[in-house]
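Summary of structural features
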Amino acid sequence: MPITLDQLNAAPLAEAALMLDGLYEHSPWIVEAALKQRPFASLAALKHAMVRVLNEAGVEPQLALIRAHPELAGKAMVSKTLTAESTNEQSKAGLTNCTPEEFAHIQRLNADYNAKHGFPFILAVRGPRGTGLSKAEIIATFERRLHNPVDFERAECLRNIHRIAEIRLNDKFGFDPVLGNAVWDWHEDLARHTDPGYAELGQLTVTYLTDAHRTCAAQLQRQMLALGFDEAHIDVVGNVVGRYHGNTPDAPALLTGSHYDTVRNGGRYDGRLGIFVPMACVQQLKQAGQRLPFAIEVVGFAEEEGQRYKATFLGSGALTGHFNPAWLDQQDADGITMRAAMQNAGLPATLEAITALQRDPSKYLGFVEVHIEQGPVLNELDLPLGVVTSINASVRYLGEVIGMASHAGTTPMDRRRDAACAVAELALYAEQRAATDGDSVATIGMLQVPNGSINVVPGRCSFSLDLRAPSDAQRDALETDVLAQLQAICARRGVRHTREETMRAAAAPSAPAWQARWEAAVNALGVPLHRLPSGAGHDAMKLHEVMPQAMLFVRGLNSGISHNPLESTTSDDMDLCVRAFAHLLEQLAAEHPN
């Protein structure tokens, strides 16, 4: 029979420890120390209590725990001396049924990893969904992590050990993260659609109004209706808008959502998590036959990433009345204007139709957005959720330095007008300047020498510049210094430059009342509260211009990496996120009685 929290909280220490036997490999001391913190209000609270015990234990006990784990497909598996839990996990991943070639390859990886790090490779082989990683995924992860620094890899092993314990704990309590599993599966299904040229490489890329983008929109619309939304349509810029009515026709609405476009070769969860989580909550309300004293409007924003056109936040900007008419004449890399792309998608592509999308803020309670963190903070703290305090201010440029192309062999070093070296010098300055400035960041993410050749001094170099800071004033000071340095570098090197500002967004502090609602939701789940700023830009930045907003972050795996195929999170964390969103809805309902 599954354990219950009431049983665990009431049992004598020795009996309670026996209930949780096997969570941590040959290391019962972790559970025993955590149990002294009883009673636990939730499984999430118990999980984090065990995390704290291990974090506070110090390096040597941590290494002892790591070394207590068997190697993947190692000697213990061959001799059948694995614990029952490890046997189950390695079996589900197919490691007990390796081909001779696979077994030999894993053995070589085990040897190389141990030689470099001094401890065995640890991976939660049941994976983020709990159903098991494939052997190919396990081997690819092994090969990638082999090259990590030792201290980083020790922490990564511990995070995987906690994930193993989380899954084992779920098994003991008979807990299945049903809501999180559903949201996980919806992400996987939507990720089937990707732009040509990337599909063949197995990469996810969905840019504005491509066939894959339009297929995603149609799928989201159908899914909203199937889950119980009263209305769902695709608007004139490609946003997917679903509405679940309140209990009166004139009820105000809660606005929520995020974007469904992606960066090139991106991850499955950036943006899309903020669409699917409220969709899961609407499904629950529909199944319960429940109406709230407000409507829920979920928007899958058509464009946020600025990949096909230089029109970042196009989808949310249309709703706030900030669509730039000049965008319609922009051309993509193939010379197709945005207007033509819209017309090809069956959209009117007229300013009048787009302007009509603007929302009346008086009809909305506010805007909330759920998003994967896209950073390492929650992952390093072993916390599933975080409450956003503010979204950082940002500005972006596209630029070019123009020098003089010349022969690499005959042009002396002191006579060169090297455009690429000028941009490289700017990149190093921007890195150093931002590092002195609190939470500021500066990135030159694109640096290209058009028609470059191995034996030619670069005459032209195009580049991007992305500057972000917690406040508008801090961003502006960083921008002033970096642009002044660009001018000075060009003057000293005898080159010139052009630049075009492509995006500027003000800092967006969370509305205190809405941030407090997210905090109450997190506390209600028994999850420790952590507040953090968002270094990434989000659609909430645009909605902030016209109504109160606040965001909730969900932990990412793989050190929180995002804009990368390794972007991931677990169905357990997704489940907590859905329940946090549902709790926020309950708070709002209590605040707005009929």
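Anything mentioned here points back to the structure above.
Residues numbered from 1 in each chain as written. Predicted model: local features only at pLDDT ≥ 70, side-chain atom pairs only at ≥ 80, totals over all residues. Heavy atoms only, no water.

Now for the pattern of salt bridges. As enumerated under the stated definition, the model contains 36 salt bridges in all. Here Arg214 makes a salt bridge to Asp211, at a shortest N to O gap of 3.7 Å. Pair noted here: Arg214 and Asp211 are both in helix H12 (residues 211-227), with a separation of three residues, about one helical turn. A salt bridge links Glu519 to Arg531; the shortest N-O distance between them is 2.7 Å. In this pair, Glu519 sits in helix H20 (residues 512-524) while Arg531 sits in strand E15 (residues 531-534), placing the two residues twelve residues apart along the sequence. Under the relative-accessibility criterion, Glu519 is labelled buried at 13%. Salt bridges sharing partners connect three or more residues here, namely Arg475, Asp476, Glu479, Glu501 and Arg504. (Salt bridge = Lys/Arg side-chain N within 4 Å of Asp/Glu carboxyl O. Helix = DSSP H or I, 4+ residues; strand = E, 2+ residues; numbered from the N terminus. Buried < 20%, exposed > 50% of the residue type's maximum accessible area, 1.4 Å probe, protein only.)

Right, let's get into the nonpolar core. Of all hydrophobic cores here, the largest spans 80 residues; its most connected members are Met279, Met338, Met342 and Trp518. In terms of residues, this core owes the most to one element, helix H22 (residues 571-591), which gives ten residues. Those residues in contact with Met338 that sit more than four places away from it in its chain are Tyr208, Tyr309, Ala311, Leu314, Phe323, Trp327, Leu328 and Gln330. Counting residues in hydrophobic clusters, the runner-up holds 49 residues, among them Val31, Val53, Ile122 and Leu158. (Core = buried A, V, L, I, M, F, W, Y, C linked by side-chain atoms within 4.5 Å. Contact = heavy atoms within 4.5 Å.)

Attention shifts here to unusual backbone geometry. In this structure, the amide linkage connecting Arg38 to the following residue, Pro39, adopts the cis form with an omega of 5°. Position of Pro39 relative to the elements: it lies in the loop between helix H3 (29-35) and helix H4 (43-57). Notably, Phe313 is not glycine yet its phi reads approximately 65°, a positive angle. With respect to the secondary-structure elements, Phe313 resides in the loop between strand E4 (295-301) and helix H14 (314-320).

This part takes up H20. Along an α-helix, a turn takes 3.6 residues, which lines up residues three or four apart on a common side. The first and last C-alpha atoms of H20 sit 18 Å apart over 13 residues, in line with the 18 Å expected at 1.5 Å per residue. Buried within H20 are the following residues: Trp514, Gln515, Arg517, Trp518, Glu519, Ala521 and Val522. Contact partners of the buried residues in H20: strand E3 (253-259), strand E5 (364-372), strand E6 (385-391), E15, strand E16 (549-554) and H22. One or two steps after H20, the chain reaches Gly526, where phi turns positive at roughly 80°. (Expected span 1.5 Å × (residues − 1).)

Treat this as a map of the structure, not an account of what it does.
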